[in-house]
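The residues making up each chain are set out below.
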Amino acid sequence: MVSGKMFLWGFVAVLCFFSALLSGVAARMGPPILDGDIWRSPEHIFDTSNYGRLQLNNGLGRTPQMGWNSWNFFACNISETVIKDTADSLISTGLAALGYVYVNIDDCWSAPSRDMKGNLVADPRTFPSGIKALADYIHEKGLKLGIYSDAGAFTCQVRPGSLFHEQNDAELFASWGVDYIKYDNCFNLGIKPEERYPPMRDALNATGRAIFYSLCEWGVDEPALWAGKVGNSWRTTDDINDSWVSMTTIADLNDKWASYAGPGGWNDPDMLEVGNGGMTHQEYRAHFSIWALMKAPLLIGCDVRNMTTETLEILSNEEVIAVNQDPLGIQGRKVSVSGENGCEQVWAGPLSGGRLAVALWNRCSSVVSITARWETLGLHTSTSSSVRDLWKHEVIEENAVESFEARVDAHDCRVFVLAPEVSYSVA
Ligand SMILES: *[C@@H]1O[C@H](CO)[C@@H](O)[C@H](O)[C@H]1NC(C)=O
Ligand SMILES: *[C@@H]1O[C@H](CO)[C@@H](O)[C@H](O)[C@H]1NC(C)=O
Ligand SMILES: *[C@@H]1O[C@H](CO)[C@@H](O)[C@H](O)[C@H]1NC(C)=O
Ligand SMILES: *[C@@H]1O[C@H](CO)[C@@H](O)[C@H](O)[C@H]1NC(C)=O
């Protein structure tokens, strides 16, 4: 039914285009990617038939969340000192100013059991000042605090879980000034996620505090299909680890759900490993590029107190961040593969203003030239477009027609923004 409706919108958009030409008013009807006649048939390539269906209406996550999370680097070795120093570093490195505002504590912040009143308590050894004081510190810096719990009897590291304590825990988090919750899936008593995740949504909503709700059920029950209006993001896969094989596997799994992402609700292929040492510079650049293009949450997972210049350079590429944070919010996806085992890949997605983001990703073991053809991007072959390289920060072609090509190092990824010229002759 929904795709039929979108199809109809396509015809409406074409009619509106002609009337817009006459009236001089830009019509914007139906799928936002139908913009003028430069597009061949983008709806076949960038299917948006599920766009806007799932989004939780709590005003948050209009663009993918950006920030930092403790798990990938620190695992359980966290403390209030680490969290505060990280907040300070997000400011001093300039990352906060680029949008990385959520400071998210993962598992292991809480004591092994609830107090006499049934409340969660911060581990007195590692968080002696408590979470409220930490939230105040974070807020004074203009940042936001995230916390972690589990839709089960225990968290993955066997701290108390929030299943059947949703209301109590949500009220406690809100009273501390928490801005974000990551909600994990361990010790779930075999109850379906479809039943375990909505009660926390309702409990958070009832607090009246705007709290970003990040579902982490590891993609086991294909949350893109049922997470309707439940969370602001939902993990689509098992945990990432700091390796090329994990990163590429997860990118492909997440790609499958592209049509379900949109402002308010995002597919989450897990947090960034950039800077943790298990991948090369090229591989980290590819990881960051593809996560940005896929409208994935950009949650830094390294020790931001001690980053190399190369790591900081990747994480602070403003032009790549702008692709991720584009207000249109359509997830980019894999649009063509060629070469041995499909290792020469083109990923692309529409951006606001009738532009396109295009990534040329070389998964082969040696340098190759990859071609992006207009037909695979949904553009008319005669459309002329500028091509800007977001890692080199320069326009490489002013008037490309039909295709463009670039050499890409092994395991590297180059990202471009195409700004097609709107032509007024309908083909
Ligand atoms: C845990 O963190 C402390 C201080 O932040 C550090 O000195 C120590 O090496 C870390 N331990 C492990 C096992 O990573
Ligand atoms: C609670 O849900 C309603 C209905 O979706 C929404 O309008 C409101 O903004 C939500 N409030 C919070 C605090 O999330
Ligand atoms: C990392 O992920 C890959 C792919 O999912 C998996 O094969 C591998 O065993 C994982 N490595 C570790 C150390 O967990
Ligand atoms: C900083 O990172 C480097 C690796 O990039 C590591 O060798 C060093 O131990 C780290 N320093 C601290 C204080 O963690």
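Residues numbered from 1 in each chain as written. Chains lettered and ligands numbered in written order. Predicted model: local features only at pLDDT ≥ 70, side-chain atom pairs only at ≥ 80, totals over all residues. Heavy atoms only, no water.

Visitor: Which parts of the structure should I look at to understand the sheet that holds strand β10 (residues 344-350)?
Guide: Sheets are built from strands that pair by backbone hydrogen bonding, the pairs being arranged parallel or antiparallel. Strand order in this open sheet of six strands is β9-β10-β11-β16-β13-β14, and the pairing throughout is antiparallel. Only two strands of the sheet have a single neighbouring strand rather than two, namely β9 (333-338) and β14 (394-401). On average, adjacent strands in this sheet sit at an angle of 25 degrees to one another, irrespective of strand direction. Pairing geometry for strand β11 (residues 356-362) and strand β16 (residues 413-420), over six bridges, is antiparallel. (Pairing = 2+ DSSP bridges. Helix = DSSP H or I, 4+ residues; strand = E, 2+ residues; numbered from the N terminus. Axes fitted to C-alpha atoms, helices over the stretch in contact; angles between N-to-C directions.)

Visitor: How do you make sense of the packing of helix α10 (residues 244-255) against helix α11 (residues 281-293) when you look at a structure like this?
Guide: The axes of two packed helices give the description: the angle between them and the distance between them. Contact geometry for α10 and α11: axes closest at 11 Å, N-to-C directions at 20 degrees. Here α10 is positioned roughly parallel relative to α11, judged by the angle of their axes. Here α10 runs over α11; the crossing is left-handed. Across from W244, M247, I250 and A251 in α10, the residues of α11 making contact are E283, H287, I290 and W291. Class assignment of the residues belonging to the contact of α10 with α11 gives a composition of six nonpolar, one polar and one charged. (Parallel < 35°, antiparallel > 145°, perpendicular 65-115°, else oblique. Left-handed = near helix turned anticlockwise from the far one by under 90°. Contact = heavy atoms within 4.5 Å. Nonpolar A, V, L, I, M, F, W, Y, C, P; charged D, E, K, R; others polar.)

Visitor: How do you make sense of the environment of T207 when you look at a structure like this?
Guide: Within the secondary structure layout, T207 lies in helix α8 (residues 198-207). By relative accessible area, which is 24% here, T207 ends up partly exposed. C-alpha separation for the pair T207 and A170, spaced 37 residues apart in sequence, amounts to 7.0 Å. (Buried < 20%, exposed > 50% of the residue type's maximum accessible area, 1.4 Å probe, protein only.)

Visitor: Got a minute to help me understand the state of the cysteines in this structure?
Guide: One covalent bond between the sulfur atoms of two cysteine residues makes up a disulfide. Applying the stated rule across the entire model yields three disulfides. Across a sulfur-sulfur distance of 1.7 Å, C76 and C108 are joined as a disulfide pair. One end of the pair, C76, is in the loop between α3 (71-74) and α4 (80-92); the other, C108, is in the loop between β2 (102-104) and α5 (130-140), with 32 residues separating them in the sequence. With its sulfur 2.0 Å from that of its partner, C343 forms a disulfide with C364. Looking down the S-S bond of the C343 and C364 bridge, the torsion is 90 degrees, so its handedness is right-handed. Of this pair, C343 sits in the loop between β9 and β10 while C364 sits in the loop between β11 and β12 (368-373); the two residues are 21 residues apart in sequence, bridging distant segments of the chain. Here the two residues C343 and C364 agree in accessibility, since each one is buried. With no disulfide of its own, C216 lies closest to C156 among cysteine sulfurs, the gap being 7.2 Å. (Disulfide = S-S within 2.5 Å.)

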